[in-house]
Amino acid sequence: MFEHDDWLQDDDEASANAPHAAPPWKIAIIDDEPDIHLMTQLSLKKASYRERPLQLISAFSAREGFELLHAQPDIAMILLDVVMETEDAGLRLVERIRQELGNQRVRIVLRTGQPGQAPERAVISRYDINDYKCKTELSADRLYSSVISSLRSYELLSELEAQSAQLASIIQLSANAVAYFGPDGLLAYANQGLSELLLQPLEQLLGQPLASTSAALQAQEVCHVHTFRPLALEQLPALLAAEPSGLNLLLRRPSLRYIHLKGQHTPDGGLVLYLRDITRETELERMKSEFLSHAAHELRTPIVSIRGFTELMLHRQLSAEQSRDMLETIHRQSLRLSDLVSDLLDLAKLEADGATSLQLSQCSLPQCLEGAVQSILGSERGRLSLQLASDLAPLEADAAKLQQALRQILSNALLYSAPDSPIVITAVAQARHAQTGLQLEIRDQGIGMSPEQLNHAFERFYRADTSGHLPGTGLGLALVKEIIGLLGGEVWLTSQLGVGTSVFVWLPTAASHPASSTPNSIHTTV
């Protein structure tokens with residue numbers, strides 16, 4: 001069968017004889033003639049590809065060949081006889097490998113000694129094989145060429161499959177939805193993100209036309225993000241073609257969500273859709289715009305007041321009493337402006353720097369409280385009732401930032417309560433979320449807040465008192481929440497209109513460790 005036996009010589013003789021660390025290429029010889037196995041093994045004994053040797057594995061029937069491929073799916077190449085148990089045993093085995101085992105990667109070279117039983121053109125057209133050889137014409141050189149080209153093809157397919165698997169894993173892990181509709185218009189691939197977006201199992205979506213995906217979006221009342229008009233999704237391809245950068249959509253059900261939709265046609269005539277949830281981004285943009293609008297309004301108010309009174313003093317003759325009244329107003333508004341700018345800068349710095357702005361060290365909660373009390377209460381210290389447990393562990397915190405938060409809470413307690421009403425401060429050891437910590441309560445008997453006001457208390461520029469008689473920027477509690485959050489703690493309120501407000505602050509202790517949760521006798525959420 002072979003023209004010569006010493007045909008296979010590597011370009012680099014040293015590399016051919018060197019030990020191979022890499023795993024061998026597996027090649028299956030499936031043929032009912034033992035002599036074919038022997039001659040093939042002798043001919044390929046020294047062969048290697050990319051410094052990896054060949055491992056030849058024999059099977060002497062189509063049944064044995066199927067079992068071999070089932071047990072070892074990493075076989076790279078099959079040298080397959082056609083006529084074995086039956087005249088078409090090899091051809092049937094090809095179908096079983098491709099269909100039953102789903103092995104599309106292995107390279108199959110058909111070798112037959114009876115070409116009349118399996119004409120080449122008919123076999124190549126009907127069966128998924130990679131080469132067709134007649135045994136009488138298969139010289140050693142041709143066998144070598146067939147082996148190397150098959151291994152090269154197998155290697156390329158393996159790399160492509162690995163890359164595809166990596167890409168599929170990345171897409172599946174993505175929170176954004178990806179969908180591919182084939183040339184036939186049916187959904188051929190989608191990730192879990194699409195299932196979560198459309199609120200339907202992925203198995204029900206695959207194989208469905210684009211109209212079904214559109215209907216799933218329609219069920220969520222999809223509409224244009226700016227006009228709020230229903231979107232006719234049957235016109236989706238045309239809309240995407242007109243907007244290469246994508247469309248922003250609004251889904252009303254089951255909850256309000258903003259979606260960015262982008263599409264691209266593939267060379268095979270398919271369509272890839274990419275849907276990204278931009279609800280958080282949209283909300284942040286809205287909050288940013290509102291923040292800037294509120295900040296501009298709050299800054300404008302004292303500036304207008306200062307400008308108006310200074311113009312009056314410049315252009316009118318005023319009595320000494322009138323001048324003093326106006327100067328006091330200007331001074332008061334300038335202090336408000338200064339406080340507002342300071343709070344804005346503090347809040348912006350905390351958000352920009354985050355935890356990196358903290359100077360952490362072990363500190364005592366009673367000492368931080370004392371510093372805040374001295375700077376805020378002054379002559380009104382007699383209103384204060386301190387009830388601090390004796391076993392308070394040290395905190396791991398930024399003492400300056402913590403005092404800033406405590407000053408703001410105490411300032412609010414003074415501002416919104418009667419001059420003679422008491423302010424009670426309690427502090428106890430309290431585990432929370434399986435962490436040891438300290439819980440602080442600052443309770444006043446002031447004007448209190450309604451449940452509606454309580455829901456907005458931590459929002460920027462929100463003020464429960466809208467009369468304008470009480471000074472403040474509306475940023476105090478937002479600043480407190482930001483600081484306590486950065487320190488790893490929590491802050492919350494309870495309040496009753498006309499009765500008073502309690503501010504609770506919980507902070508983890510230094511070297512906080514898991515602890516058994518103890519009953520919380522103070523914390524009552526509203």
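Above this text sits the structure in question.
Along each chain, numbering runs from 1 in the same order as the chain's sequence is written. In view of the model being predicted, local features appear only for residues whose pLDDT reaches at least 70, and side-chain atom pairs are presented and counted only at 80 or more, with totals across whole chains, interfaces and linings using the full set of residues. Note that the side-chain values use all heavy atoms of the structure and ignore hydrogens as well as water.

**Student:** An account of the overall build of the protein chain is needed here, citing residue identities and associated values.
**Tutor:** Regarding its fold elements, the protein chain presents 16 helices and 19 strands. Buried residues are those whose accessible area, probed at 1.4 Å on protein chains only, stays under 20% of the maximum for their type, while exposed residues exceed 50% and partly exposed ones sit between those limits. When burial is assessed residue by residue, the protein chain has 42% of its 526 residues classed as buried. Every residue pair with non-hydrogen atoms within 4.5 Å of one another is taken to be in contact. The contacts in the protein chain between residues at least 6 apart in sequence include a share of 63% that link residues at least 24 apart. Total accessible area computed for the protein chain in this model is approximately 28700 Å², and 53% of it derives from carbon and sulfur atoms. Secondary structure is summarised from DSSP: a helix means a run of H or I of at least four residues, a strand means a run of E of at least two, and numbering begins at the N terminus for each. Areas reported as accessible are Shrake-Rupley estimates using a 1.4 Å probe. Residue values count occlusion only from the protein chains shown.

**Student:** Quick rundown of the pairing of strand E8 (residues 187-190)? Include the residues and the values.
**Tutor:** One requirement defines pairing of two strands: DSSP has to find at least two bridges between them. Note: strand E7 (residues 177-181) against E8, three bridges, orientation antiparallel. When the sheet's bridge partners are listed, Phe181 is paired in E8 with Leu187. Hairpin connection, E7 to E8: the antiparallel pair is bridged by five residues, and Gly185 has positive phi, about 85 degrees.

**Student:** I'd like a rundown of the state of the cysteines, residues and numbers included.
**Tutor:** Note that a disulfide, as used here, is simply two cysteine sulfur atoms within 2.5 Å. Enumeration according to the criterion identifies zero disulfides in this entry. As a non-bridged cysteine, Cys363 has Cys368 as the owner of its nearest cysteine sulfur, 4.2 Å distant.

**Student:** Please set out the side chain of Ser305 residue by residue, giving values where relevant.
**Tutor:** Topologically, Ser305 is positioned in helix H11 (residues 279-315). Once you skip the residues sitting within four places of it in the chain, Ser305 turns out to touch Thr329 and Gln333.

**Student:** A description of the packing of aromatic side chains should follow, citing residues and the corresponding values.
**Tutor:** Side-chain rings of Phe, Tyr and Trp (the six-membered ring for Trp) are treated as a pair once their centres are within 6.5 Å; stacked means planes under 30 degrees apart, edge-to-face means over 60, and tilted covers the remaining angles. Scanning all chains against the criterion turns up three aromatic pairs. Here Trp25 and Tyr49 contribute two aromatic rings whose centre-to-centre distance is 5.5 Å and whose plane-to-plane angle is 50 degrees, an arrangement assigned as tilted. Here Tyr49 lies in strand E2 (residues 48-49) and Trp25 lies in strand E1 (residues 25-30), a separation of 24 residues in the sequence. There is no split in this pair, since Trp25 and Tyr49 are both buried. Here Trp25 and Tyr154 contribute two aromatic rings whose centre-to-centre distance is 6.4 Å and whose plane-to-plane angle is 85 degrees, an arrangement assigned as edge-to-face. One end of the pair, Trp25, is in strand E1; the other, Tyr154, is in helix H6 (residues 140-173), with 129 residues separating them in the sequence. Both residues of the pair, Trp25 and Tyr154, belong to the buried class.

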